[in-house]
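# Per-entry structural report
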Amino acid sequence: MAPHTPIRFRRLLLTGAAGYLGGVLRPRLKAYCDTLRLSDRRPLGPAAPGEELVVAELDDAAAMLNLLAGVDAIVHLGGISVEAAWQPILAANIDGLFKLYEAARHHGVKRVVFASSNHVTGFYRQDEVITPQHMPKPDTLYGLSKAFGENLAQLYWHRHGIQTVSIRIGSSTAEVADRRMLATWLSHDDLEQLVLRALTAPVVGHTVVYGLSDNGTRWWDNTSAAHLGYRPQDSSELQRARVEAQQPVLDPNDPHVMYQGGRFVTLGPFDA
Ligand code: NAI
Ligand code: 15L
């Protein structure tokens, strides 16, 4: 975002703050609020000026009520972020999300940015272009739990007026690591911009958007979410030559290459 952007919250909450993207957004979000409350089940390190640290489990209703007191808006990254067994997914991504929204309702918090995932639609093919209006085709229990999260957000918009932007993040990393990420890459700067737009766009109701940079290879069409004003500044194209030199040409009949979800389409606890 431009440094002069006049965005200021009194207190923002960032969940999943001890995680990978939490570490990316922690210093960046501080610029837009007086107080940044950080939460995770894991230790959060020392508090910097203007930070509040809360160690909490997402599925602990009392802890969530305590966590959301005095908060203006939430950036919710917390939860299981890859395929896993059902119980931890159930606790964090389903029961935990319900407890978070119930606490938001209790405290009158009206804006949530929800870190959803491209794995909600991982079983679309890589030769298809889809929009957020296409029906979910989850590739994992994890993707299924994110589809639930989006539906929960939709319910809390209609029933309780809590506005959410569900960002189906592609692959947000410092650099493009493989050929699939030529389509899925979301740079950290573009992630910051998208989260800020999601926090501050005047009316979002429940908006679903894909989180990707201005990549040359496109599987996801975000036109319907133009009202967010998101204008990605980075593109995976600048890294294409390096990636294609590093990674051999792939077999188009390999399910990991055929489907948008990549290697997630064969992950799972199903054979345990
Ligand atoms: P991460 O796994 O590094 O961070 C998630 C954090 O949530 C961890 O620090 C973990 O301790 C915390 N957490 C897990 N279960 C919890 C519970 N029951 N109670 C409290 N805290 C709990 O994941 P990462 O990569 O930082 O992703 C952040 C969010 O963005 C996740 O929700 C993930 O699903 C989503 N996402 C990330 C993508 C990426 O490219 N990194 C792509 C798509 C979605
Ligand atoms: C995700 O949902 C994961 O959280 C992240 O670790 C990546 O694997 C990403 O999707 C991806 O599809 O690359």
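Look up: the structure comes first, before these words.
Description of the structure in this document. (Residues numbered from 1 in each chain as written. Chains lettered and ligands numbered in written order. Predicted model: local features only at pLDDT ≥ 70, side-chain atom pairs only at ≥ 80, totals over all residues. Heavy atoms only, no water.)

### Some details on the sheet that holds strand β5 (residues 111-117)
What the seven strands build is an open sheet, ordered β3-β2-β1-β4-β5-β6-β7; its pairing is parallel. Where the open sheet ends on each side, the last strands, each with one partner, are β3 (51-55) and β7 (206-211). Ignoring which end each strand starts from, the neighbouring axes of this sheet average 20° apart. One ladder, built from five bridges, connects strand β2 (residues 33-40) with β3; its direction is parallel. Considered in β3, the bridge of L36 is made with E51. With respect to the sheet, helix α6 (residues 188-200) is in contact with β1 (9-15), β4 (73-76), β5, β6 (163-169) and β7, its orientation differing from that of β5 by roughly 140°. (Pairing = 2+ DSSP bridges. Helix = DSSP H or I, 4+ residues; strand = E, 2+ residues; numbered from the N terminus. Axes fitted to C-alpha atoms, helices over the stretch in contact; angles between N-to-C directions. Contact = heavy atoms within 4.5 Å.)

### Comments concerning the packing of aromatic side chains
Under the definition given, this model contains five aromatic pairs. Between W219 and W220, the aromatic rings sit 5.9 Å apart at their centres with planes inclined by 80°, giving edge-to-face as the arrangement. Across the pair, W220 and W219 agree in class, each one buried. (Phe/Tyr/Trp six-rings, centres within 6.5 Å; stacked < 30°, edge-to-face > 60°. Buried < 20%, exposed > 50% of the residue type's maximum accessible area, 1.4 Å probe, protein only.)

### Notes on the pairing of β6
β6 sits mainly inside the fold: seven of its seven residues count as buried. Residue alternation in β6 divides its side chains into two sets, Q163, V165, I167 and I169 and T164, S166 and R168, and both sets are buried. As paired elements, β5 and β6 share seven bridges and run parallel to each other. Across the sheet, F114 pairs through a bridge with S166, a residue of β6. What joins β5 to β6 is helix α4 (residues 141-160), and the crossover it makes is right-handed. Inspection of the sheet shows β6 paired to β7 by six bridges, in the parallel sense. Its bridge partner lying in β7, R168 is registered against Y210. (Right-handed = clockwise from strand over helix to strand, strands pointing away.)

### Quick look at the site of ligand 2
In the vicinity of ligand 2, the contacting residues are S81, S117, N118, H119, Y142, G170, S171, R180 and F264. Within the side chain of S117, an N or O atom sits 2.8 Å from an oxygen atom of ligand 2. At a separation of 2.6 Å, an oxygen atom of ligand 2 approaches a polar side-chain atom of S171. Among the residues making up the shell around ligand 2, the classes are represented as two nonpolar, six polar and one charged. (Near = heavy atom within 4 Å. Polar contact = N/O pair within 3.5 Å; in protein donor to acceptor, adjacent residues only side chain to side chain. Nonpolar A, V, L, I, M, F, W, Y, C, P; charged D, E, K, R; others polar.)

### What to know about the pattern of salt bridges
If the charged atoms of two oppositely charged side chains come close together, the side chains can form a pair. Within the structure shown, the criterion is met by 16 salt bridges. For D72, the salt bridge is made with R10, and the minimal N-O distance between the two is 2.9 Å. A residue pair is termed long-range when its members are at least 10 positions apart, and D72 in the loop between α2 (61-68) and β4 and R10 in strand β1 qualify at 62 residues. Residue E237 pairs with R240 through a salt bridge whose shortest N-O separation is 2.8 Å. Assessed through its relative accessible area of 33%, E237 is described here as partly exposed. One salt-bridge network, held together by shared partners, links R11, R37 and E52. (Salt bridge = Lys/Arg side-chain N within 4 Å of Asp/Glu carboxyl O.)

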